[in-house]
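What the coordinates show
Spelled out from the first residue to the last, the chains are:
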Amino acid sequence: MAESDIREYTFGTLVAAMVTPFTDEGEVDYSMAAKLATKLVEDGCDGLVVTGTTGETSTLTDEENLGMFRAVVEAVGGRAKVIAGSTTNDTRHSVHLSRQAAELGVDGLLVTTPYYNKPSQAGVQAHIEAVADATDLPVMVYDIPGRAGIPIETETMIRLAAHPRIVALKDAKADYQETTRVLANTDLDVYSGDDGLTLPLMAAGAVGVVSVTAHVATAQYRALVDACLAGDLATARRLHFELDPVQRAVMSHIQGAVAAKQILKWQGVLPNSVVRLPLVEPTDAELAPVLADLAEAGWNLEV
């Protein structure tokens, strides 16, 4: 697929939900973050979500979030879209952090459903629109009821799509019929927020994926997304099957950031697999099914 075809979308088509590297002492490793961002882009990502869920944003300070935005913009700005995970369940705080992110040169904002508060759909809409109104940046809405506790209902999403800066949806609802309704009734660029649903959602019109597993299998995801966009279903199906055990390794047994960091360490990309409490590093027993899935995929990593 030609570069011009890929770049027509606001946020690209293969977007990695980046982990946040830490030092052995548990501090944010900005140098390693820049190196990881560079590797992901060189291997095929044309967008990066920085300090989203996989980036452990809920345990980062504002200064650490902003430091990550700065490091990634400096490393890959102009070569890939940098999307700031700049929102919390506090609307005023989200507006404040999003404005600061905009000053650092990010390309867009990832706005997550307010979690824990369980607002009404009117509250969800008002929260997302308040962040969208706060800057001139394009917005990707993130619908993830499994973490937020509530969905963004389809009617709410259709109303949000009328906002001039709300241009994309990261869909992690795992409800194919409702996503189909969004695709049919809006002009949003929809991204699969579930790695394993990339093929079926793109078959229905999604433009790509925001992926955790793309950390460890970037080239294969690039090929899968490009095949879907080209309408090459046979190639896309083959790659989907090849990636299935890798997706299971990353997403099915332990928390995604924990698994991704562990595999990146095994691949020699990260020097450690440090996460922040309340996340903890996995036990050998927890890693056994991860290794079994990777072996099914034909991967033999040094562990």
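The numbering scheme is per chain: residues are counted from 1 as the chain's sequence reads. Where local features are concerned, this predicted model is filtered to residues with pLDDT of at least 70; where side-chain atom pairs are given and counted, the filter is 80 or more; whole-chain, interface and lining totals use all residues. The side-chain numbers reported here are obtained from all heavy atoms of the structure, hydrogens and water having been left aside.

Attention shifts here to the side chain of histidine 163. Only DSSP runs of H or I with at least four residues qualify as helices, and only runs of E with at least two residues qualify as strands; both kinds are numbered from the N terminus onward. Checked against the element boundaries, histidine 163 lands in the loop between α7 (154–160) and β6 (166–171). Think of a polar contact as two N or O atoms within 3.5 Å of one another; within protein, one of them needs to be a possible hydrogen donor and the other a possible acceptor, and neighboring residues in sequence only count if both atoms come from side chains. Within the structure, the side chain of histidine 163 is placed 2.7 Å from the side chain of aspartate 133, a separation counted as a polar contact. Here, two residues are considered to be in contact whenever any of their heavy atoms come within 4.5 Å of each other. Sequence-distant contacts of histidine 163, defined by excluding residues within four places in its chain, comprise Glu129, Ala132 and Asp133.

UniProt positions are given in the numbering used here, feature names are shortened, and annotations may be inferred rather than shown by experiment. UniProt records the feature "site: Part of a proton relay during catalysis" (unreviewed entry) for Thr53 and Tyr116 in the present numbering. Note that threonine 53 resides in the loop between β2 (47–50) and α3 (62–76). Setting aside residues up to four positions removed in sequence, threonine 53 forms contacts with Tyr142 and Arg147.

What follows deals with the pairing of strand β4 (residues 108–112). Buried, partly exposed and exposed residues are distinguished by accessible area as a fraction of the type maximum, computed with a 1.4 Å probe on protein chains only: under 20%, between the cut-offs, and over 50%, respectively. In terms of residue burial, β4 counts as a mostly covered element, since 5 of its 5 residues are buried. Burial of β4 is two-sided: the residues Gly108, Leu110 and Thr112 facing one way and the residues Leu109 and Val111 facing the other way are all buried. Where strand β3 (residues 81–85) meets β4, 3 bridges bridge the pair, whose relative direction is parallel. Within β4, the position partnered with glycine 85 by the bridge is leucine 110. Viewed with both strands pointing away, a crossover whose connecting path from the first strand over the helix to the second turns clockwise is right-handed. This β-α-β element, β3 to helix α4 (residues 91–103) to β4, shows right-handed connectivity. The pairing criterion is simple: DSSP has to find at least two bridges between the two strands. Judged from the 4 bridges that link them, β4 and strand β5 (residues 139–143) form a sheet pairing that is parallel. Bridging across to β5, threonine 112 finds its partner in tyrosine 142. For the crossover from β4 across helix α5 (residues 121–134) to β5, the handedness is right-handed.

So, about the pattern of salt bridges. For this analysis, a salt bridge means a side-chain nitrogen from Lys or Arg found within 4 Å of a carboxyl oxygen belonging to Asp or Glu. A complete count under the given rule lists 13 salt bridges for this structure. For glutamate 64, the salt bridge is made with arginine 276, and the minimal N-O distance between the two is 2.7 Å. You can see glutamate 64 sitting in helix α3 and its partner arginine 276 sitting in the loop between α12 (256–266) and α13 (284–296), a full 212 residues away along the chain. Relative accessible area serves as the criterion here: at 11%, glutamate 64 is assigned to the buried category. Between aspartate 293 and arginine 248 there is a salt bridge, with its nearest N and O atoms 3.0 Å apart. Of the two residues, aspartate 293 is situated in helix α13 and arginine 248 in helix α11 (residues 233–251); the sequence distance between them amounts to 45 residues. In this structure arginine 248 comes out as partly exposed when scored by relative accessible area, which is 24%. Salt bridges linked by common partners bring Asp244, Arg248, Asp293 and Glu296 together as one network.

Let us look at the pairing of β2. Side-chain alternation along β2 places Gly47 and Val49 on one buried face and Leu48 and Val50 on a second face that is also buried. When strand β1 (residues 14–17) meets β2, the two strands line up parallel, connected through 3 bridges. Looking at β2, one finds that alanine 17 is bridged to valine 49. Two elements, β2 and β3, share 4 bridges in a ladder whose sense is parallel. Note that in β3 the partner of valine 50 across the bridge is alanine 84.

With respect to the helices, strands and loops of the structure, glutamate 178 is situated in helix α8 (residues 176–185). Relative accessible area serves as the criterion here: at 22%, glutamate 178 is assigned to the partly exposed category. For the pair glutamate 178 and threonine 154, spaced 24 residues apart in the sequence, the C-alpha separation amounts to 6.4 Å. At a separation of 2.4 Å, a polar atom in the side chain of glutamate 178 contacts the side chain of threonine 154.

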